[in-house]
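Survey of secondary and tertiary structure
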Amino acid sequence: MASIAKSVDPENNPTVAEVLQQVVLLPESVHLAVRYTSIELVGEMSEVVDRNPRFLDPVLNYLMKGLREKPLASAAAKAIHNICSVCRDHMAQHFQGLLDIARSLDSFALSTEAAVGLLKGTALVLARLPLEKIAECLSDLCAVQVLALKKLLAERSRNGKSADPTAWLDRLAVIFRHTNPIVENGQTHPCQKVIQEIWPVLSETLNAHQADNRIVERCCRCLRFAVRCVGKGSASLLQPLVTQMVSVYQVYPHSCFLYLGSILVDEYGMEEGCRQGLLDMLQALCMPTFQLLEQPNSLRNHPDTVDDLFRLATRFVQRSPVTLLGSSIVVHIIQCAIAATSLDHRDANCSVMKFIRDLIHTGVGNDHEEDFALRKRLIGQAMEQNGQQLINQLLHSCCFCLPPYTLPDVAEVLWEVMLFDRPMFCRWLENALKGLPKQTAGGAVTVTHKQLTEFHKQVTSAEECKQVCWAIREFTRLYR
């Protein structure tokens with residue numbers, strides 16, 4: 001029953017509500033396995049509870065009994081999480097009870113996943129409270145985690161050692177991630193003050209563990225969701241956060257800083273007063289990144305860094321293309337992207353191709369905007385300098401480096417180049433084809449002049465991107 005409960009429509013099956021009513025009346029004397037399955041069933045029937053709020057109190061009482069027993073605790077926590085997710089509005093009146101559970105979370109025998117799930121459910125309900133109550137309640141919900149981090153930092157200052165803070169960071173992250181109240185334009189975000197108060201603890205934790213990639217990644221994840229939670233309300237944190245990111249990255253180039261940087265650009269890249277600071281951040285992060293990626297085999301050895309670098313660069317293209325295109329760093333980013341097009345790594349290659357595609361598209365798209373002429377001119381300059389090299393590298397990568405699943409992304413890049421300047425693209429493609437080997441090392445013919453000409457014609461006469469993709473797929477088979 002628990003496995004199919006979600007699939008049953010409570011409107012057309014009134015007996016489902018009767019089943020739920022009887023399940024929560026089961027005595028504690030029944031077999032433990034029956035109680036465990038019953039708790040799972042109740043959790044899966046959260047939609048029934050939402051349609052029949054009169055069942056909410058008995059359901060919560062039943063689940064609380066399970067939460068206090070070690071063998072049933074994690075199942076009960078998962079069920080409460082499900083109820084909170086579906087019955088958010090009805091659960092608002094029970095928020096104080098959820099807060100009490102969250103404060104004493106470690107007194108229950110919960111798995112890590114179950115504990116985080118309970119906090120997620122609590123945060124979802126928190127977001128439905130009146131705005132004037134959210135700040136205080138969020139502060140109370142975060143307090144246990146913040147106090148635990150402060151305790152760990154105090155221990156570290158006394159004896160130079162501290163326990164792993166990741167559990168507390170993960171709990172804060174899930175709270176920030178799922179506390180999304182509806183805030184009208186002009187209203188101060190209710191979570192803003194709380195996150196400002198928590199920032200010094202997160203900053204100190206990051207500094208204390210800056211050499212540990214795993215802990216730094218958790219800190220950045222927590223900060224990412226904090227920034228997303230309050231959006232532009234976190235502007236006061238932008239300068240100290242960027243300063244710390246850049247400072248630590250110079251010594252320990254953890255790629256998660258690049259990812260966090262992409263979130264900051266996404267949130268603030270369109271704000272006039274923030275663009276120069278974000279560009280300075282990008283330049284400061286790029287220099288050690290380029291030094292890392294210039295080492296032998298570094299592109300292959302550091303795919304996460306490649307992925308996160310071009311996520312960051314793509315956000316800049318999307319949010320403030322003129323700022324990036326007018327900077328001195330863009331030439332180096334484009335050169336790095338061209339070198340990385342041959343990287344056989346799904347996520348990293350996808351990010352590289354998306355960056356190149358979106359960059360070129362800025363010279364074609366949104367032609368009604370007042371900066372279009374400037375964008376087109378800057379892209380034209382970039383393509384004049386790098387276009388031939390880009391087409392050469394893409395064609396070589398397709399034939400000798402990349403797996404077939406990457407070819408649609410390559411086709412989209414070629415399509416954007418062709419849309420931007422078809423005559424120039426035709427010449428670049430012709431030159432690139434001339435540079436491909438026509439024979440194997442043993443002298444066997446790989447590709448004929450006729451096949452090269454036919455491929456050139458198929459690509460340059462294509463009316464849709466999918467035709468370019470098909471032509472590339474067929475052509476590269478000659479080299480496989």
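Please read all numbers here as calculations on a predicted model, not as lab measurements.

Notes on the overall build of the protein chain
A count of helical and extended segments in the protein chain gives 25 helices and 0 strands. Dimensions of the protein chain, computed from the C-alpha atoms along their principal axes, are close to 85 × 55 × 50 Å. When burial is assessed residue by residue, the protein chain has 51% of its 480 residues classed as buried. The contacts of the protein chain with a sequence gap of at least 6 include a subset with a gap of at least 24, amounting to 73%. When the accessible surface of the protein chain is split by element, carbon and sulfur atoms take 50% of a total near 22700 Å². For the protein chain, the separation between the mean place of its 48 positive charges and that of its 51 negative charges on side chains is 4 Å.

Some points on the packing of aromatic side chains
Two descriptors summarise a pair of aromatic rings, namely the distance from one centre to the other and the angle between the planes of the rings. Taken as a whole and assessed by the stated rule, the structure comprises 5 aromatic pairs. Ring geometry for Tyr-249 against Phe-257: centres 6.3 Å apart, planes inclined by 90 degrees, an arrangement best described as edge-to-face. Across the pair, Phe-257 and Tyr-249 agree in class, each one buried. For the cation-ring pair, Arg-224 lies above Phe-225, with the distance from its terminal atom to the ring centre recorded as 5.4 Å.

Considerations on the environment of Leu-20
Of note, Leu-20 is situated in helix 1 (residues 15–23). Each C-alpha atom of the pair Leu-20 and Met-45 lies 7.6 Å from the other, and the pair is 25 residues apart in sequence.

Some details on unusual backbone geometry
Positive phi is not limited to glycine here, since Asn-297 has a value of about 60 degrees. Summarising the element assignment, Asn-297 is placed in the loop between helix 15 (275–293) and helix 16 (298–301). For Asn-366, which is not glycine, the phi torsion reads 50 degrees and is therefore positive.

Points about the state of the cysteines
If you walk through the whole model with that rule in mind, you get 0 disulfides. Of the cysteine sulfurs around Cys-219, a residue in no disulfide, the closest is that of Cys-220, at 6.9 Å. Looking at Cys-222, it has no disulfide partner, and the nearest cysteine sulfur is the one in Cys-219, 7.4 Å off.

Observations regarding the domain arrangement of the protein chain
Many analyses report the size of an interface as the accessible area lost when the parts associate. Here the protein chain is partitioned into domain 1 (1–129) and domain 2 (133–143 + 153–179 + 191–236). Centre-to-centre, using C-alpha coordinates, domain 1 lies 28 Å away from domain 2. Contacts between domain 1 and domain 2 engage 16 residues on the former and 11 residues on the latter. Taken over both partners, the interface formed by domain 1 and domain 2 buries close to 1300 Å², and the fraction arising from carbon and sulfur atoms is 77%. Seen at the junction of domain 1 and domain 2, the total is 2 salt bridges. Where domain 1 touches domain 2, the interface holds 1 residue pair in polar contact (both at pLDDT 80 or more). Those elements that provide at least two residues to the side of domain 1 that touches domain 2 are helix 7 (95–103) and helix 8 (112–126). Among the elements that line the side of domain 1 that touches domain 2, the one with the most residues is helix 8, at 8 residues. Looking at the side of domain 1 that touches domain 2 residue by residue, the class counts come to 12 nonpolar, 1 polar and 3 charged.

A closer look at the side chain of His-178
In this fold, His-178 is placed in helix 10 (residues 166–178). A residue is classified by how much of its surface remains accessible, and His-178, at 16% relative accessible area, is buried. If near-sequence neighbours (up to four positions away) are discounted, His-178 is found in contact with Lys-120, Ala-123, Leu-124 and Ala-127.

Details of the pattern of salt bridges
Applying the stated criterion across every chain yields a total of 23 salt bridges. For the salt bridge of Asp-266 with Arg-228, the shortest nitrogen-to-oxygen distance reads 2.8 Å. Residue Asp-266 is located in helix 14 (residues 256–268), and its partner Arg-228 is located in helix 12 (residues 213–230); the two are separated by 38 residues in the primary sequence. Since its relative accessible area comes to 13%, Asp-266 is described here as buried. We note a salt bridge from Glu-412 to Arg-357, for which the minimum N-O separation is 2.9 Å. Residue Glu-412 is located in helix 22 (residues 407–420), and its partner Arg-357 is located in helix 20 (residues 346–361); the two are separated by 55 residues in the primary sequence. Owing to a relative accessible area of 29%, Glu-412 belongs among the partly exposed residues under this scheme.

Quick notes on helix 9 (residues 131–159)
Under the 1.5 Å per step criterion, the end-to-end length of helix 9 is 42 Å for 29 residues, consistent within 8% with the ideal 42 Å. Ala-143 marks where helix 9 bends most, by close to 45 degrees. Among the residues of helix 9, those classed as buried are Ile-134, Cys-137, Leu-138, Leu-141, Cys-142, Gln-145, Val-146, Ala-148, Leu-149, Leu-152 and Leu-153. The elements touched by buried residues of helix 9 are helix 7, helix 8, helix 10 and helix 11 (192–208). A positive backbone phi angle near 80 degrees is found at Gly-160, which sits one or two residues after helix 9.

A closer look at the packing of helix 21 (residues 372–400) against helix 22
Orientation of helix 21 relative to helix 22, taken along the N-to-C sense of each, is 145 degrees, at an axis distance of 11 Å. The way helix 21 lies across helix 22 gives a crossing that is left-handed. Side by side, helix 21 and helix 22 meet where Lys-376, Ile-379, Gly-380, Met-383, Leu-390, Ile-391, Leu-394 and Cys-398 of the first sit next to Leu-407, Val-410, Val-413, Leu-414, Val-417 and Phe-420 of the second. Partitioned by chemical class, the residues of the contact of helix 21 with helix 22 number 12 nonpolar, 1 polar and 1 charged.

Side note on the side chain of Asn-386
Mapping Asn-386 onto the fold places it in helix 21. Under the relative-accessibility criterion, Asn-386 is labelled buried at 6%. Asn-386 has contacts with Ile-334, Gln-335 and Ile-338, leaving out every residue within four places of it along the chain.

So, how was this worked out
Residues numbered from 1 in each chain as written. Predicted model: local features only at pLDDT ≥ 70, side-chain atom pairs only at ≥ 80, totals over all residues. Heavy atoms only, no water. Helix = DSSP H or I, 4+ residues; strand = E, 2+ residues; numbered from the N terminus. Buried < 20%, exposed > 50% of the residue type's maximum accessible area, 1.4 Å probe, protein only. Contact = heavy atoms within 4.5 Å. Areas by Shrake-Rupley, 256 points an atom, 1.4 Å probe, with all protein chains shown as cover. Lys, Arg positive; Asp, Glu negative; His and termini not counted. Charge placed at Lys NZ, Arg CZ, Asp CG, Glu CD. Phe/Tyr/Trp six-rings, centres within 6.5 Å; stacked < 30°, edge-to-face > 60°. Lys NZ or Arg CZ within 6 Å of the ring centre and 35° of its normal. Disulfide = S-S within 2.5 Å. Domains from an automatic or database assignment. Buried area = accessible area lost by both parts, 1.4 Å probe. Salt bridge = Lys/Arg side-chain N within 4 Å of Asp/Glu carboxyl O. Polar contact = N/O pair within 3.5 Å; in protein donor to acceptor, adjacent residues only side chain to side chain. Nonpolar A, V, L, I, M, F, W, Y, C, P; charged D, E, K, R; others polar. Expected span 1.5 Å × (residues − 1). Bend = angle between axes of the 7 residues up to and from the residue. Axes fitted to C-alpha atoms, helices over the stretch in contact; angles between N-to-C directions. Left-handed = near helix turned anticlockwise from the far one by under 90°.

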